[in-house]
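Structural overview for review
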Amino acid sequence: GKIKIADFAFGKVLREVEKESKLNNSHFYMSPQTLSGKPCNVKCDIWSIGCVFYEALFGQTPWIGSSAADIAFNMRTRPLVFRKKIKPETEDLLKRMLEYDEGKRISWEEIWLHPATNIVINN
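Thresholds, definitions, all that
- Residues numbered from 1 in each chain as written.
- Predicted model: local features only at pLDDT ≥ 70, side-chain atom pairs only at ≥ 80, totals over all residues.
- Heavy atoms only, no water.
- Helix = DSSP H or I, 4+ residues; strand = E, 2+ residues; numbered from the N terminus.
- Buried < 20%, exposed > 50% of the residue type's maximum accessible area, 1.4 Å probe, protein only.
- Contact = heavy atoms within 4.5 Å.
- Areas by Shrake-Rupley, 256 points an atom, 1.4 Å probe, with all protein chains shown as cover.
- pLDDT = per-residue confidence, 0-100.
- Salt bridge = Lys/Arg side-chain N within 4 Å of Asp/Glu carboxyl O.
- Core = buried A, V, L, I, M, F, W, Y, C linked by side-chain atoms within 4.5 Å.
- Polar contact = N/O pair within 3.5 Å; in protein donor to acceptor, adjacent residues only side chain to side chain.

Okay, the overall build of the protein next. What the protein contains, in helices and strands, is seven helices and zero strands. Ordered by position from the N terminus, the helices and strands of the protein form the series α-α-α-α-α-α-α. Taking all 123 residues of the protein together, the buried fraction comes to 33%. Taking all contacts inside the protein whose residues are at least 6 apart in sequence as the whole, residues at least 24 apart take part in 57%. Carbon and sulfur atoms form 57% of the exposed surface of the protein, whose accessible area is close to 8,400 Å².

Structure (C-alpha coordinates):
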(Lines give C-alpha, C1' and ligand atoms only; values in the text may rest on other atoms or scores of the structure.)
Protein backbone atom coordinates (compact mmCIF):
# COMPACT_ATOMS: atom_id res chain seq x y z
CA GLY A 1 0.00 0.00 0.00
CA LYS A 2 2.99 2.37 -0.19
CA ILE A 3 4.04 4.33 -3.25
CA LYS A 4 7.75 4.53 -4.01
CA ILE A 5 9.26 6.90 -6.52
CA ALA A 6 12.56 6.04 -8.15
CA ASP A 7 15.08 8.28 -9.84
CA PHE A 8 14.67 8.42 -13.62
CA ALA A 9 18.41 8.42 -14.24
CA PHE A 10 19.88 5.14 -15.41
CA GLY A 11 23.42 5.89 -14.25
CA LYS A 12 24.93 5.00 -17.60
CA VAL A 13 26.27 7.22 -20.34
CA LEU A 14 25.04 5.97 -23.69
CA ARG A 15 27.11 6.19 -26.82
CA GLU A 16 25.58 8.36 -29.52
CA VAL A 17 24.52 5.31 -31.57
CA GLU A 18 22.69 3.85 -28.56
CA LYS A 19 20.73 6.98 -27.65
CA GLU A 20 18.10 6.87 -30.38
CA SER A 21 17.23 3.21 -29.90
CA LYS A 22 17.34 3.12 -26.09
CA LEU A 23 15.60 6.39 -25.23
CA ASN A 24 12.56 6.24 -27.52
CA ASN A 25 10.18 5.19 -24.76
CA SER A 26 11.59 7.85 -22.42
CA HIS A 27 10.41 10.63 -24.72
CA PHE A 28 6.87 10.14 -23.45
CA TYR A 29 8.00 11.26 -19.97
CA MET A 30 10.38 14.08 -20.93
CA SER A 31 9.35 17.66 -20.36
CA PRO A 32 8.95 19.96 -23.34
CA GLN A 33 12.11 21.76 -22.22
CA THR A 34 14.13 18.54 -22.19
CA LEU A 35 12.79 17.51 -25.60
CA SER A 36 13.84 20.88 -27.01
CA GLY A 37 17.39 20.43 -25.70
CA LYS A 38 17.22 22.88 -22.79
CA PRO A 39 18.97 21.97 -19.52
CA CYS A 40 17.02 19.87 -17.02
CA ASN A 41 15.86 21.31 -13.72
CA VAL A 42 13.47 20.38 -10.94
CA LYS A 43 10.44 21.42 -13.03
CA CYS A 44 11.42 18.76 -15.60
CA ASP A 45 11.24 16.12 -12.85
CA ILE A 46 7.80 17.38 -11.83
CA TRP A 47 6.67 17.02 -15.45
CA SER A 48 7.99 13.44 -15.64
CA ILE A 49 6.31 12.43 -12.39
CA GLY A 50 3.09 14.01 -13.67
CA CYS A 51 3.34 11.82 -16.78
CA VAL A 52 3.83 8.69 -14.67
CA PHE A 53 0.92 9.69 -12.40
CA TYR A 54 -1.29 10.29 -15.46
CA GLU A 55 -0.33 6.91 -16.93
CA ALA A 56 -1.08 5.17 -13.62
CA LEU A 57 -4.58 6.68 -13.65
CA PHE A 58 -5.45 6.33 -17.35
CA GLY A 59 -3.28 3.50 -18.69
CA GLN A 60 -1.39 5.61 -21.24
CA THR A 61 0.85 8.64 -21.36
CA PRO A 62 -0.74 12.09 -21.74
CA TRP A 63 0.70 12.68 -25.22
CA ILE A 64 1.81 10.17 -27.81
CA GLY A 65 3.72 10.42 -31.05
CA SER A 66 6.02 8.50 -33.36
CA SER A 67 9.12 10.61 -32.60
CA ALA A 68 10.42 13.04 -30.01
CA ALA A 69 9.53 15.93 -32.33
CA ASP A 70 6.00 14.57 -32.78
CA ILE A 71 5.51 14.20 -29.02
CA ALA A 72 6.86 17.72 -28.41
CA PHE A 73 4.47 19.11 -31.06
CA ASN A 74 1.52 17.33 -29.44
CA MET A 75 2.48 18.66 -25.99
CA ARG A 76 2.58 22.19 -27.39
CA THR A 77 -0.63 22.04 -29.44
CA ARG A 78 -2.97 19.50 -27.85
CA PRO A 79 -4.71 20.08 -24.53
CA LEU A 80 -4.42 17.61 -21.69
CA VAL A 81 -7.36 15.18 -21.91
CA PHE A 82 -8.76 13.27 -18.94
CA ARG A 83 -9.99 9.89 -20.17
CA LYS A 84 -12.30 9.26 -17.22
CA LYS A 85 -13.76 11.23 -14.34
CA ILE A 86 -11.33 11.85 -11.49
CA LYS A 87 -11.53 14.01 -8.38
CA PRO A 88 -11.28 17.75 -9.13
CA GLU A 89 -8.25 18.02 -6.81
CA THR A 90 -6.43 15.29 -8.76
CA GLU A 91 -7.32 16.88 -12.09
CA ASP A 92 -6.01 20.25 -10.90
CA LEU A 93 -2.75 18.71 -9.65
CA LEU A 94 -2.15 16.92 -12.95
CA LYS A 95 -2.88 20.07 -14.95
CA ARG A 96 -0.40 22.01 -12.85
CA MET A 97 2.27 19.28 -13.05
CA LEU A 98 1.83 19.03 -16.82
CA GLU A 99 1.81 22.78 -17.45
CA TYR A 100 3.71 23.37 -20.70
CA ASP A 101 5.29 26.63 -19.48
CA GLU A 102 7.78 25.55 -16.83
CA GLY A 103 7.62 29.02 -15.25
CA LYS A 104 3.94 28.38 -14.48
CA ARG A 105 4.41 24.69 -13.56
CA ILE A 106 3.74 23.77 -9.94
CA SER A 107 6.70 23.63 -7.52
CA TRP A 108 7.55 20.82 -5.10
CA GLU A 109 6.42 22.97 -2.18
CA GLU A 110 3.06 23.58 -3.86
CA ILE A 111 2.68 19.87 -4.63
CA TRP A 112 3.02 18.92 -0.97
CA LEU A 113 0.52 21.60 0.05
CA HIS A 114 -1.95 20.75 -2.73
CA PRO A 115 -5.33 19.32 -1.63
CA ALA A 116 -4.78 16.20 -3.80
CA THR A 117 -1.58 15.25 -1.97
CA ASN A 118 -3.03 16.25 1.36
CA ILE A 119 -5.70 13.58 0.82
CA VAL A 120 -3.01 10.97 0.14
CA ILE A 121 -0.71 11.95 2.99
CA ASN A 122 -3.34 12.32 5.72
CA ASN A 123 -5.50 9.24 5.01
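Let us look at the confidence of the model for the protein. For the protein, the average pLDDT comes to 84, and 76% of its residues sit at 70 or higher. Per-element confidence in the protein ranges from a low mean pLDDT of 47 for helix α1 (residues 16-22) to a high of 97 for helix α5 (residues 88-97). When the criterion is pLDDT under 50, residues 18-24 qualifies, and its contacts beyond four places in sequence or with other chains add up to five contacts.

A separate point is the pattern of salt bridges. Under the criterion given, the structure shown has two salt bridges. Measuring nitrogen to oxygen at the nearest pair gives 3.2 Å for the salt bridge that ties Glu91 to Lys95. Within this pair, Glu91 and its partner Lys95 are both found in helix α5, separated by four residues, close to a single helical turn. A relative accessible area of 42% means that Lys95 is categorised as partly exposed. Here Arg96 ties to Glu110 by a salt bridge, and the two come within 3.4 Å at their closest N and O atoms. Highlighted residues: Arg96 in helix α5 and Glu110 in helix α6 (residues 108-113), separated in sequence by 14 residues.

For the rest of this paragraph, the subject is the nonpolar core. Counting 14 residues, the largest nonpolar core has Tyr54, Phe82, Leu94 and Leu98 as the members making the most contacts within it. For this core, the elements supplying multiple residues, two or more each, are α3 (42-58) and α4 (68-77). Among the elements that make up this core, the one with the highest residue count is α3 (four residues). If sequence neighbours within four positions are ignored, Leu98 has contacts with Trp47, Gly50, Cys51, Tyr54, Pro62, Trp63 and Leu80. By size, the runner-up hydrophobic cluster in this structure holds seven residues, among which are Ile49, Leu93, Met97 and Ile106.

Assignment of secondary structure puts Ser107 in the loop between α5 and α6. Classification of Ser107 as buried rests on a relative accessible area of 16%. Once you skip the residues sitting within four places of it in the chain, Ser107 turns out to touch Lys43 and Ile46.

Our next topic: the environment of Asn74. Mapped onto the elements, Asn74 comes out in helix α4. The exposure class assigned to Asn74 is buried, which follows from its relative accessible area of 5%. Separated by 10 residues in the primary sequence, Asn74 and Ile64 place their C-alpha atoms 7.4 Å from one another. Ignoring anything within four residues of it in the chain, the contact list for Asn74 reads Trp63, Ile64 and Gly65. At 2.5 Å, the side chain of Asn74 forms a polar contact with the backbone oxygen of Ile64.

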